[in-house]
Amino acid sequence: MAKKKLEFSNFGLELPPEEITDLIIDHFNEAFRGGVTIDELLLHPRDAMCFCDAIRMKNGWMGLPDDLILRAILNRRKKGSL
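Here's a quick rundown of the structure. (Residues numbered from 1 in each chain as written. Predicted model: local features only at pLDDT ≥ 70, side-chain atom pairs only at ≥ 80, totals over all residues. Heavy atoms only, no water.)

## Some thoughts on helix α1 (residues 17–32)
Because each turn of an α-helix spans 3.6 residues, side chains separated by three or four positions in sequence point in the same direction. In this model α1 runs 22 Å from its N-terminal to its C-terminal C-alpha over 16 residues, within 8% of the 22 Å that 1.5 Å per residue would give. Those residues of α1 not exposed but buried are Ile20, Thr21, Ile24, Ile25, His27 and Phe28. Seen along its axis, α1 keeps its buried residues to an arc of 160°; they face one direction. Immediately downstream of α1, the backbone of Arg33 shows phi near 45°, a positive value. (Helix = DSSP H or I, 4+ residues; strand = E, 2+ residues; numbered from the N terminus. Expected span 1.5 Å × (residues − 1). Buried < 20%, exposed > 50% of the residue type's maximum accessible area, 1.4 Å probe, protein only. Arc of directions from axis to C-beta.)

Put into structure tokens, the structure is as follows:
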């Protein structure tokens, strides 16, 4: 499977990708306060979907798919700056 690039602009988001990722990470940290890792969240799909719904509602990003939200967190974790 080819690596998927984060293309937030395809969904009408005009902020730079790094800023969008920062907002997603901030929301993740607020929501889970270090009690849940992204890996653990992904083991609970319903919770992950609710988390993605909350991000869309909070930021008005109604068309942004779950996989891009979650992938932004995974990519940041891989860089070691989560």
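## Considering unusual backbone geometry
Note: most residues except glycine have negative phi, and most peptide bonds are trans. The backbone phi angle of Arg33 is positive, close to 45°, even though this residue is not glycine. Taking relative accessible area as the criterion, Arg33 reaches 70% and is therefore assigned exposed.

## Section: the nonpolar core
Formed by 20 residues in total, the largest nonpolar core has its most connected members in Phe8, Ile24 and Phe51. At five residues, helix α4 (residues 66–78) tops the list of elements feeding residues into this core. Beyond its immediate sequence surroundings of up to four residues, Ile24 is in contact with Phe8, Phe51, Ile55, Trp61, Ile69, Ala72 and Ile73. (Core = buried A, V, L, I, M, F, W, Y, C linked by side-chain atoms within 4.5 Å. Contact = heavy atoms within 4.5 Å.)

## Focus: the pattern of salt bridges
Under the criterion given, the structure shown has seven salt bridges. Put simply, Arg76 and Asp22 hold a salt bridge, and the shortest N to O gap is 2.8 Å. Of this pair, Arg76 sits in helix α4 while Asp22 is found in helix α1, placing the two residues 54 residues apart along the sequence. The exposure class assigned to Asp22 is partly exposed, which follows from its relative accessible area of 32%. Salt-bridge contacts for Glu30 lead to Lys58; the nearest nitrogen and oxygen are separated by 3.2 Å. Taken together, the positions of Glu30 in helix α1 and Lys58 in helix α3 (residues 45–59) put the pair 28 residues apart, joining distant regions of the chain. Exposure remark for Glu30: the relative accessible area of 43% places this residue in the partly exposed category. (Salt bridge = Lys/Arg side-chain N within 4 Å of Asp/Glu carboxyl O.)

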